[in-house]
Each structure stands twice: as structure tokens, then as C-alpha cells.
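# Architecture at a glance
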Amino acid sequence: MHLLAFLHIPLYHFLVVHSCPSICTCIYGTTGTADLRLVQCSDPRISNVPINIPADTVKLRLEKTLITRVPRAAFFNLSELLFLWLTYNYITTIHPSSFVNLRVLRELRLDGNLLTTFPWEGLRDMPRLQTLGLHNNQLSSLPSQAALFLPNITYLDLSSNRLTMLSAELLDLWFPLLGQLQRSPQRRVLGLHDNPWMCDCQIALVVSLSMSLGSPVVLMDQLVTCSRSLGQSGMLLTKVELPHCMRPSIQPAATRVTSLRGSNVILRCVATGYPTPTLTWVKISNYADCCRQDITGDNEHLPRKLESSMQGSPRVGVRWSIISLDDLGFKDTGEYRCQARNMAGKSEAPVKLKVVGVTRLSRLPKKSQKTPPKSTSNSKKLNQNRTTSLTPSLKDNQLPRAIAPPTQKNNTQTLPVTVSKVLPIYKPSKTNLKGPKKMTKEPLSSL
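Let me sum up the structure you'll find in this document. The shown structure was predicted, so the numbers you read here are calculated from the model rather than taken from an experiment. (Residues numbered from 1 in each chain as written. Predicted model: local features only at pLDDT ≥ 70, side-chain atom pairs only at ≥ 80, totals over all residues. Heavy atoms only, no water.)

### Thoughts on the overall build of the protein chain
Check the secondary structure of the protein chain and you find 9 helices and 23 strands. Among the 447 residues that make up the protein chain, the fraction classed as buried is 37%. Counting only contacts in the protein chain whose residues sit at least 6 apart along the sequence, the fraction spanning at least 24 positions is 60%. Summing over all exposed atoms, the protein chain offers an accessible surface of approximately 26,800 Å²; the carbon and sulfur share of this is 55%. (Helix = DSSP H or I, 4+ residues; strand = E, 2+ residues; numbered from the N terminus. Buried < 20%, exposed > 50% of the residue type's maximum accessible area, 1.4 Å probe, protein only. Contact = heavy atoms within 4.5 Å. Areas by Shrake-Rupley, 256 points an atom, 1.4 Å probe, with all protein chains shown as cover.)

Structure follows, in C-alpha cells:
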């Protein structure tokens, strides 16, 4: 795009860089043309942006002309330009690429024109811009995306337009929340007066915060007026009773959720506040104690903003939101936060999700193979214990079988010893004695 704009620049832009246009006034420094400082073009016959402005111009003023539009790359050859004033013309249209190659521009003024919109994205071509004047135009809205291109602007004059509302993104830029401050906020000068602001707590909060001690914003004029409707005349904010902004209060449906792997789960939260808060879901972290070996390959960057599955506002001051997580895996474990914010502040509520399930199915067959041997060994030990425990409780008529018969010669010497050890402990009673006739009382007593 820059190359195309370069090709459309006439050749005499480079051949006569120090000549002053006949319809303009050039003010030089004390050492001649090498110190060109100011070019002013105020001829009412000028209807287009002059194309033969000297390339070493530092300040250009196009004022009180018939210029109605600013074309693409209108100032491409003015790479040393620091101040650009296009004030009190009839400009209605500015191309988004009008300010290409103005890398060192510090001040841009478009006061007193007929602009209904402004190409905020064109501010990217002026990274060092600090002053932007849009006073006395016909701007009716200030879009939320404008906040993306205004972080370096320290002087912004939006007075005497047709603005009715300010977006929350702009208020976050001008009045950052205390929890988000990493350093002292940049001080800004804002011109918001002489606009038909709607009487709500947003514009009232801007005025009240600007008047507080240590405020990062200073208003050019604190006499800001508002109207209940566009047809009404303005009323001073200091004399209007407006509803007070209320910081969001958030309530999740559950703070801890445990779900099976492969299942689906829905997380829900409800927030109240005034103005009605906006809700967003953010994943903060993974669980450190859950199945680390299954999520080590996950290169997820946290925190990560999540898309809400459904969101609604049943009435003013209330908003609810849900997210749906399908086919859960271990990578879904972690802490989720439902964040609610409005002009008065920001709140959040954590929801911890834990996914449980079998991690390695290959272990199941090994467990089933080991089970039978263990039961066999246990049964053997159990049988042995039962055998030893049952030995003392044998019936009396089984004792001769456990002892070697007395007729065997090789056991005749050990028999009395064996019997003497057993019989005193398990001495049969008279009533239950049913042994052979040879086993009488006399031999027993003699033993």
C-alpha cells in the first residue's frame, strides 16, 4: 500500500523540495532554506490538499480553505512533519490511509470541520501522536474500538460534537481499574463538554472521577451537561440525580465440579450490577495434581479467553452466561473464572473443574492374571492354618492312628515318649473312650 502511494507521487516532489507553493506562506529559519519550519496555506481558493509542500516541512497549517476530503497518502512525502493542522475547512471525509508515513507526527488538529466519523484505525500510522483535536465537528458516536488506537494520546478534544454515550472500553483506558495497574497511570486531558450526553451513571462517573484527588484524567471544562433524551435541553450533571453505579456481584452455579472423562459439562454464573455488567470466561490454570503425564504435551497458553455458549440479560442489572465443555479430557482440568465488569469495577468467581477416569487401560489384564495365583496361595495358607488348628480337636478314637502301632519294633522305644507328650494334654474321658481293649486305665496310669 505504501509502495502504491509512493508511485503516485509526482516527480517534482523530489526535484523542487525547497520551493514554497505560490498559494502558501513559508517561514524559514535564520540560516536559509535548509531550516524550513512552517508552511501555512489559508487561501480560500484551495479546494484540494497541495501536493508540492516542501519535504522538509516541520509544521503544516491548512486553514479556512474549501478542502472537503483528505485523500490516501496525502502527506506521504512529509516524513519530518511534527505538527499538522487541518482546521476550519469543510472536510467531511478522511481516508484511513491519509496519514501514511507520518511516523514522527506529534500533533493533529481537525477542529472546525464537518466530520461525522473519524478513521480511528489511521492512528496506527502515527505511533508518536500525542495531541488529537476534534473540537467542533459532527461526531455522533465514539466506537469502542477507538480505545485500541488511543493509548498514546494524552490530549483529546471531543468537545462541541454530538456525542451521547461513552463505551466501557474507553473508560477502562482512561480510568484503569486498581487491580490492573502495573505502574502509575498516564495523565490525560479530555474535552467532553458541549455534547448532548445521555443522563446515566457513565458520564456522571467520568465527571466525579476526574474531580477526585490523583485522577489520571483532567477535564478541560467540568461543566458537562446531559439530557434525558436528545430533544431536551442540557442539564448540569451536578444538578441531576443519577443512579449510582454498582460494582458487579457474581455468583457461580458451583465452585467445584468433578466429571468423568469423555462426558459433557456446563459451567454457569450470574452477575448483578449497574450498569448491567458484561461477562467473560477465562481459563487460568491446569490442575497440578491431576494426570500430569496425560497433559504434558499440551502447549496451551494460559490464561485463555473462552467463548460463551449462551448469554442473556433477563432484566436491567442482571446478566448470566454459560460455557459448554464437550468430550472432556484431562487437558480440560483446571480453574475457570467467570469475570464480570462494568464502569464501577470488576469481579470474578473461580470454578474448579476436575476430570476423573481410567488413565491406562493396559494395566487391567495384568491385574486379572495376578489375581488367581494370589487366591491359590492364600487358600493353601488358609488350609494349612485350618489343618494345624484342627489337629488339637481330633476325636479320641483317631489318636491311635496318629501314633505308630506298638507292634512295630523300630517305634517301640519312641512310643512311650510320644504318648507321654500327647496323652497328658489330650487325655480321653471315661465316657467317650472307644479305643482298643489293650488301652486300659492301668497302663495309662502307670505311664
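### Overview of the sheet that holds strand β20 (residues 310-315)
The strand order across the open sheet built from 4 strands is β15-β17-β21-β20, with neighbouring strands paired in antiparallel fashion. Looking along the sheet, the strands with just one partner apiece sit at the ends: β15 (246-252) and β20. Averaged over all neighbouring strand pairs, the angle between strand axes comes to 20°, with direction disregarded. Relative to strand β21 (residues 318-325), β20 runs antiparallel, the two being bridged by 4 bridges. (Pairing = 2+ DSSP bridges. Axes fitted to C-alpha atoms, helices over the stretch in contact; angles between N-to-C directions.)

### What to know about the sheet that holds strand β11 (residues 197-198)
Judged by pairing direction, the sheet is mixed, and its 3 strands sit side by side in the order β11-β13-β14 without closing on themselves. In the strand order of this sheet, the two ends are held by β11 and β14 (235-236), each with one partner.

### Quick look at the nonpolar core
Within the largest apolar cluster, 62 residues are counted, with the highest numbers of intra-cluster contacts made by F75, L84, W120, L132, L150, L166 and W174. Where this core is concerned, the elements lending two or more residues are β2 (32-41), β3 (59-62), α3 (168-174), α4 (201-210) and β12 (217-219). Setting aside its immediate chain neighbours within four residues, L132 contacts L108, F118, W120, L123, L150, I153, Y155, L156 and D157. Within the second largest apolar cluster, 20 residues are counted, among which are I250, W281, V351 and V355. (Core = buried A, V, L, I, M, F, W, Y, C linked by side-chain atoms within 4.5 Å.)

### Some details on α4
Among the 10 residues that make up α4, 7 are buried, leaving the element largely enclosed by the rest of the structure. If you check which residues of α4 are buried, you get C201, Q202, I203, L205, V206, V207 and S210. The secondary structure elements touched by the buried residues of α4 are α3, β11, β12 and β17 (265-274).

### Details of the pairing of β3
Residue alternation in β3 divides its side chains into a buried set, L60 and L62, and an unburied set, K59 and R61. Where β3 lies against strand β5 (residues 83-85), 3 bridges are found, and the strand directions are parallel. Its bridge partner lying in β5, K59 is registered against F83.

### A few points about the state of the cysteines
If you walk through the whole model with that rule in mind, you get 4 disulfides. The disulfide bridge from C20 ends at C26, spanning 1.9 Å between sulfur atoms. Taking the sign of the S-S torsion, 90° for the link of C20 and C26, the bridge is right-handed. For C20, a relative accessible area of 28% puts it in the partly exposed group. On the basis of relative accessible area, C26 is assigned to the buried category, the value being 15%. The disulfide partner of C199 is C226, and the S-S distance across this bridge is 2.2 Å. Sign of the S-S torsion, about 95° for the bond between C199 and C226, identifies this disulfide as right-handed. Here C199 is found in the loop between β11 and α4, whereas its partner C226 is found in strand β13 (residues 225-227), with 27 residues between them in sequence. (Disulfide = S-S within 2.5 Å.)

### With respect to the pairing of β17
In β17, alternate side chains face the same way, and those of V265, L267, C269, A271 and G273 are buried while those of I266, R268, V270, T272 and Y274 on the opposite face are not. Pairing geometry for β15 and β17, over 5 bridges, is antiparallel. Opposite I250, over in β17, you have A271 as the bridge partner.

### A look at the environment of A344
Here A344 lies in the loop between β22 (334-342) and β23 (345-356). Taking C-alpha positions, A344 is 9.1 Å from H244, a pair spaced 100 residues apart along the chain.

### Quick look at the pattern of salt bridges
Tallying each qualifying case throughout the model produces 7 salt bridges. We note a salt bridge from R109 to E107, for which the minimum N-O separation is 2.8 Å. Judged on exposure class, the residue R109 and its partner E107 are both buried. E335 is the salt-bridge partner of R337, the closest N and O atoms lying 2.8 Å from each other. The exposure class of R337 is partly exposed, given its relative accessible area of 25%. With a relative accessible area of 15%, E335 lands in the buried category. (Salt bridge = Lys/Arg side-chain N within 4 Å of Asp/Glu carboxyl O.)

### Regarding the environment of T68
Within the secondary structure, T68 sits in the loop between β3 and β4 (69-70). As for T68 and N48, which are separated by 20 residues in sequence, their C-alpha atoms are 7.6 Å apart. Each residue touching T68, except ones within four places of it in the same chain, is listed here: S47, Y90, I91, T92 and T93.

### Topic: the environment of K305
Mapping K305 onto the fold places it in strand β19 (residues 304-306). A C-alpha to C-alpha distance of 7.5 Å links K305 and T280, two positions 25 residues apart in sequence. Contacts of K305, omitting those with residues within four sequence positions, involve T280, W281 and V282.

### Focus: the packing of aromatic side chains
Applying the stated criterion across every chain yields a total of 1 aromatic pair. An angle of 70° between the planes, with centres 4.8 Å apart, marks the rings of F118 and W120 as edge-to-face. When sorted by exposure, F118 lands in the same class as W120, which is buried. One residue, K59, lies across the ring of F83, its end atom 5.7 Å from the ring centre. (Phe/Tyr/Trp six-rings, centres within 6.5 Å; stacked < 30°, edge-to-face > 60°. Lys NZ or Arg CZ within 6 Å of the ring centre and 35° of its normal.)

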